[in-house]
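Single-letter residue listing:
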Amino acid sequence: QTRVATIARHISPAPCSASNPFMVSNQMNDNGGIQIKGDVRDALERGLPVVALESTIISHGMPYPQNFETAKEVEAIVRESGAVPATIAILDGVPCIGLEEDELRKLAQLGKRAIKTSRRDIAYVIAKKMTGATTVSATMFFAAKVGINVFVTGGIGGVHREGETTMDVSSDLTELGRTAVTVVCAGVKSILDIPRTLEYLETQGVTVVGYGTDEFPAFFTPRSGCKAPSRVDTPEECAAITAANLSMGLQSGILVCVPIPAHNAAAAEPVEAAIQTSLNELKEKNISGAAVTPYVLKRVNELTGGASLTANIALIKNNARVGSQIAIATAGLVE
Ligand code: PSU
Ligand code: MN
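Below: a short report on this structure. (Residues numbered from 1 in each chain as written. Chains lettered and ligands numbered in written order. Predicted model: local features only at pLDDT ≥ 70, side-chain atom pairs only at ≥ 80, totals over all residues.)

Observations regarding the pairing of strand β5 (residues 94-97)
Logical step 1: With 2 bridges connecting them, strand β2 (residues 35-37) and β5 associate as parallel partners. From the neighbouring strand, Gln 35 faces β5, where its bridge partner is Cys 96.
Logical step 2: Pairing of strand β4 (residues 84-91) with β5, which is carried by 4 bridges, proceeds in the antiparallel orientation. From the neighbouring strand, Ile 90 faces β5, where its bridge partner is Pro 95.
Logical step 3: What sits between the antiparallel neighbours β4 and β5 is a turn of 2 residues, in which Asp 92 has the positive phi angle 45°. (Pairing = 2+ DSSP bridges. Helix = DSSP H or I, 4+ residues; strand = E, 2+ residues; numbered from the N terminus.)

Here it is in structure tokens:
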């Protein structure tokens, strides 16, 4: 059992006041509050590169068993690249930083029976001792809390189409505005409103960079037609931006957008058609809120005969390679 019940020194103490009985003591975390897997804790204490990974992508983003296989392969890529993977989830009410293989499998098999856990859901899932798969927003929160600077995912949430009336704007975007973690992704899907997503990221003060591209990538396809605000071409440049962000205490996130490699890109046209179909179905079936993204991912996969899932898996692995290099370069710059 490599699991440890103590927290790393990176966690800043919770505000604690003897005169206020409602303030939770910092001691709570020392006993099963947050569990950090042994190899992750060791790497954090020694300043070695760690890559955070989310778990909603496992439970809600892909079907079993591809989700389990992909989760394991992504962790293996991070290790082969020279960093330590830390998949984050809440298991039976305990936030876990780094999962054992049997825990990954359990989450993969639970699928949508796990709670899709964004920032708003964290306290509830913990208090109810539930099992929650963390989205980008919740994963960023926990990564920052334990001192992990780099986080790899597939795609982030964004402003939904017609978001100007529904106000369906992913909490991933506000989390990026308030949490200093560098998130490596393949952009946002064209199921979302990409221009408005970029506007909102600017409002939130998020540093957005295209990785080896001038364009903001659109997840399944390398191009969106929208210009990325800035561009980098190396892991070292990303590390320098992360270091500057931390040293200035900006307390906001960085979004590194890596285009899907051209040979993995699903042909744009069938994906776009499948997206349109599933968006229409959302209205017919009255699906809204947190259920939207999982539904569309599932339907686009069905409608493209699995082509979108193949592309999804390929881009995540590519992001894991790039993200590990960024984590390694960052560990060399940041204490
Ligand atoms: N995009 C994907 N796969 C996913 C998600 C997004 O291609 O699994 C998940 C991520 O966990 C992301 C979340 O943080 O969906 C955003 O959900 P919402 O749009 O409800 O905020
Ligand atoms: Mn939403």
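Quick look at the site of ligand 1
Logical step 1: In the vicinity of ligand 1 there are 17 residues, among which Thr 56, Gly 61, Val 136, Gly 157 and Ser 170 approach most closely.
Logical step 2: Those elements giving two or more residues to the shell around ligand 1 turn out to be α3 (56-59), α9 (171-178) and α13 (292-303).
Logical step 3: Broken down by class, the residue content of the shell around ligand 1 amounts to 5 nonpolar, 10 polar and 2 charged. (Near = placed C-beta within 6 Å. Nonpolar A, V, L, I, M, F, W, Y, C, P; charged D, E, K, R; others polar.)

What to know about the packing of helix α4 (residues 66-81) against helix α14 (residues 307-331)
Describing two packed helices takes the angle between their axes plus the distance from one axis to the other.
Logical step 1: Where α4 contacts α14, the axes come no closer than 8 Å and their chain directions differ by 25°. Here α4 lies roughly parallel to α14, going by the angle between them. The interaxial crossing formed by α4 with α14 has right-handed handedness. Every residue of α14 that contacts α4 at Gln 66, Thr 70, Glu 73, Val 74, Ile 77, Val 78 and Ser 81 is listed here: Leu 309, Ile 313, Ile 316, Lys 317, Ala 320, Arg 321, Ser 324 and Gln 325.
Logical step 2: Within the contact of α4 with α14, the residues separate by chemical class into 7 nonpolar, 5 polar and 3 charged. (Axes fitted to C-alpha atoms, helices over the stretch in contact; angles between N-to-C directions. Parallel < 35°, antiparallel > 145°, perpendicular 65-115°, else oblique. Left-handed = near helix turned anticlockwise from the far one by under 90°. Contact = placed C-beta atoms within 7 Å.)

Overview of the pairing of β4
Logical step 1: Of all 8 residues in β4, 8 are buried; the element is thus mostly enclosed.
Logical step 2: Here β4 shows a buried face lined by Val 84, Ala 86, Ile 88 and Ile 90 and a second buried face lined by Pro 85, Thr 87, Ala 89 and Leu 91.
Logical step 3: Direction of pairing for strand β3 (residues 50-53) relative to β4: parallel, over a ladder of 4 bridges. Following the sheet pairing, Ala 52 is matched in β4 by Ala 86.
Logical step 4: Of the pairings in the sheet, the one linking β4 to strand β7 (residues 132-134) comprises 2 bridges and is antiparallel in character. Bridged to Ile 90 within β7 is Gly 132. (Buried ≥ 20, exposed ≤ 12 C-beta atoms within 10 Å, placed from the backbone.)

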